[in-house]
Amino acid sequence: EAQVTQNPRYLITVTGKKLTVTCSQNMNHEYMSWYRQDPGLGLRQIYYSMNVEVTDKGDVPEGYKVSRKEKRNFPLILESPSPNQTSLYFCASRDTGTSGYNEQFFGPGTRLTVL
Amino acid sequence: QKEVEQDPGPLSVPEGAIVSLNCTYSNSAFQYFMWYRQYSRKGPELLMYTYSSGNKEDGRFTAQVDKSSKYISLFIRDSQPSDSATYLCAMAGLSGGSYIPTFGRGTSLIVHP
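Not measured: the values here are computed from a predicted model.

## Quick notes on the overall build of chain A
Here is step 1: For chain A, the helix and strand inventory stands at zero helices and eleven strands.
Here is step 2: The helix and strand sequence of chain A, counted from the amino end, reads β-β-β-β-β-β-β-β-β-β-β.
Here is step 3: The globule rule puts the C-alpha radius of gyration for 115 residues at 13 Å, and the 14 Å found for chain A is close to it.
Here is step 4: If you sum the accessible surface of chain A, you get close to 5500 Å²; carbon and sulfur atoms cover 50% of it.
Here is step 5: A gap of 6 Å separates the mean positions of the 13 positive and 11 negative side-chain charges of chain A.

Here you go:
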């Protein structure tokens, strides 16, 4: 089954304790990205990657890191989490065909609470 | 002003009603217009998309794009309780050789029996 998987699905942590949220896709997509979703603010892009070893900032990158060492994986790293990073996080992937819009597939989400 | 504006609702309608969901935008470079549906505790899923202006129909769903007014709509006919979800509009223009979407905040729809 074609899918984007994220782990963990739920995480409660404390301020300053480094954490990593993993994301993996099995569709051989070049493009992967991370979003956070907050009430009243909608989906905001954190980072995206056009391909292996190519990453770029989205709209809200502060406090986050990413890496793309393999095509299928795109982990999101919070080096020193703070309470304002409490949010619902989505990983997404899509093909980057030469024409038209390519559907973006989302993972099931990771609900993060930073105390 | 955000590039994409969408009323968060909630919008509550009785079963069988016609639902109209709308977004406005400011970026004239947008060429693709998408609607995603997000059920509670799930990731968004693409419902349908259109290219440039015009209408597109898929079963009970119709998407309309009016580029002159920078206004897009999603109509749901004969709404069902299973249509209860958050609907996100998204738009994309060509950037760096690819179409990367910009999302609206989403409208929460509740269809009650």
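Still more to cover.
## Examining the sheet that holds strand β8 (residues 76–78) of chain A
Pairing between sheet strands relies on hydrogen bonds along the backbone, with the strands arranged either parallel or antiparallel.
All names here are of chain A.
Here is step 1: Strand order in the open sheet formed by four strands is β1-β3-β8-β7, with antiparallel pairing between adjacent strands. At either margin of the open sheet sits one strand with a lone partner, and together these are β1 (4–7) and β7 (65–66).
Here is step 2: Pairing of β7 with β8 involves two bridges; the strand directions are antiparallel. For Val 66, the partnering residue across the bridge sits in β8 and is Leu 76.

## Some remarks on the sheet that holds strand β3 (residues 19–25) of chain B
Here is step 1: Strand order across the open sheet formed by five strands is β1-β3-β8-β7-β6 (chain B), with antiparallel pairing between neighbours. What marks the edges here is a single partner per strand, and that holds for β1 (4–5) and β6 (54–58) of chain B.

## Concerning unusual backbone geometry
Here is step 1: Along the chain, A:Asn7 connects to A:Pro8 via a cis peptide bond; the corresponding omega equals -5°.
Here is step 2: Among the secondary structure elements, A:Pro8 is positioned in the loop between β1 and β2 (10–13).
Here is step 3: With an omega dihedral of 10°, the bond running from B:Gly9 to B:Pro10 counts as a cis peptide bond.
Here is step 4: Looking at the element boundaries, B:Pro10 is found in the loop between β1 and β2 (11–14).
Here is step 5: Positive phi, normally seen in glycine, also occurs at A:Asn28, with a value near 60°.
Here is step 6: At B:Ser52, a residue that is not glycine, the phi angle is positive and equals roughly 60°.

## Regarding the interface of chain B and chain A
It is common to give the size of an interface as the accessible area that goes away when the parts come together.
Here is step 1: Contacts between chain B and chain A engage 20 residues on the former and 22 residues on the latter.
Here is step 2: Taken together, the two surfaces of chain B and chain A that pack against each other cover about 1600 Å², and 57% of this comes from carbon and sulfur.
Here is step 3: The tally of links between chain B and chain A comes to zero salt bridges.
Here is step 4: On inspection of chain B and its partner chain A, the count reaches four residue pairs in polar contact (both at pLDDT 80 or more).
Here is step 5: Grouping the constituent residues of the side of chain B that touches chain A by class yields twelve nonpolar, four polar and four charged.

## Remarks on the pairing of strand β4 (residues 31–38) of chain A
Two faces make up the sheet, and in a regular strand the side chains alternate between them.
All names here are of chain A.
Here is step 1: Among the eight residues of β4, eight are classified as buried, and the element is accordingly described as predominantly covered.
Here is step 2: Of the two faces of β4, the one carrying Tyr 31, Ser 33, Tyr 35 and Gln 37 and the one carrying Met 32, Trp 34, Arg 36 and Asp 38 are both buried.
Here is step 3: Where β4 meets strand β5 (residues 42–51), seven bridges bridge the pair, whose relative direction is antiparallel. By the bridge assignment, Arg 36 is partnered in β5 with Arg 44.

## Some thoughts on a nonpolar patch on the surface
Here is step 1: A grouping of A:Ile12, A:Val14 and A:Leu115 is seen on the molecular surface, where their side chains present a nonpolar patch of about 320 Å² in accessible area.
Here is step 2: Tracing the chain through its elements places A:Ile12 in strand β2.

## Topic: the packing of aromatic side chains
Here is step 1: One pass over the structure, following the stated rule, counts 13 aromatic pairs over all chains.
Here is step 2: Measuring from ring centre to ring centre gives 5.7 Å for A:Tyr35 and A:Phe106, while their planes differ by 45°; the resulting arrangement is tilted. Residue A:Tyr35 is found in strand β4, and its partner A:Phe106 is found in strand β10 (residues 105–106); the two are separated by 71 residues along the sequence. The same class applies to A:Tyr35 as to A:Phe106, namely buried.
Here is step 3: Both rings, one in B:Tyr32 and one in B:Tyr99, keep their centres 4.8 Å apart while their planes meet at 75°; by these two values the pair is edge-to-face. Of the two residues, B:Tyr32 sits in strand β4 (residues 32–38) while B:Tyr99 sits in strand β10 (residues 98–103), which places them 67 residues apart along the sequence.
Here is step 4: Relative accessible area serves as the criterion here: at 10%, B:Tyr32 is assigned to the buried category.
Here is step 5: Of the residues examined, B:Tyr99 reaches a relative accessible area of 13% and is grouped as buried.
Here is step 6: Taken together, the ring pairs connect A:Tyr35, A:Phe90, A:Phe106, B:Tyr36 and B:Phe103 into an aromatic cluster.
Here is step 7: Of note, A:Arg68 hangs over the ring of A:Phe74, and the distance from its end group to the ring centre comes to 6.0 Å.

Analysis parameters
Within every chain, residues take consecutive numbers counted from 1 along the sequence as written. Labels follow written order: the first chain is A, the first ligand is 1, and so on. Confidence filtering applies because this is a predicted model: local features only for residues at pLDDT of at least 70, side-chain atom pairs given and counted only at 80 or more, and all residues used for totals across whole chains, interfaces and linings. Remark: hydrogens and water are excluded; side-chain values derive from all non-hydrogen atoms of the structure. A run of DSSP states H or I qualifies as a helix once it reaches four residues; a run of E qualifies as a strand once it reaches two. Both are numbered from the N-terminal end. The quantity called the radius of gyration is restricted to C-alpha atoms. Its globule counterpart is 2.2 Å times the number of residues to the power 0.38. Computed by Shrake-Rupley with a 1.4 Å probe, the accessible areas treat only the displayed protein chains as cover when residues are assessed. We score Asp and Glu as negative and Lys and Arg as positive, and we do not count His or the chain ends. A charged residue contributes its charge at one atom only: NZ of Lys, CZ of Arg, CG of Asp or CD of Glu. Strands are labelled as partners when DSSP assigns at least two bridges between them. Any two residues having at least one pair of non-hydrogen atoms within 4.5 Å are treated as being in contact. As used here, buried area is the combined drop in accessible area, with a 1.4 Å probe, of two parts when they are placed together. Salt bridge, as used here, is a side-chain nitrogen of Lys or Arg placed within 4 Å of a carboxyl oxygen of Asp or Glu. Pairs of N or O atoms within 3.5 Å make up the polar contacts considered here, provided that, within protein, one atom can donate a hydrogen while the other can accept it, and that residues adjacent in sequence are counted only when both atoms are side-chain atoms. Note on residue categories: nonpolar means Ala, Val, Leu, Ile, Met, Phe, Trp, Tyr, Cys or Pro, charged means Asp, Glu, Lys or Arg, and polar means any other residue, Gly included. We call a residue buried when its accessible area falls under 20% of the maximum for its residue type, exposed when it is over 50%, and partly exposed in between, using a 1.4 Å probe and counting protein chains only. Put simply, a patch holds well-exposed residues, over 30% relative accessible area, that have no salt bridge, with like charges counted together within 9 Å and Val, Leu, Ile, Met, Phe, Trp or Tyr side chains within 5 Å. The aromatic pairing rule takes the rings of Phe, Tyr and Trp, using the six-membered ring of Trp, and pairs them if the centres are within 6.5 Å, calling planes under 30 degrees apart stacked, those over 60 edge-to-face and the rest tilted. Charge-over-ring placement is defined geometrically: NZ (Lys) or CZ (Arg) within 6 Å of the ring centre, and within 35 degrees of the ring normal.

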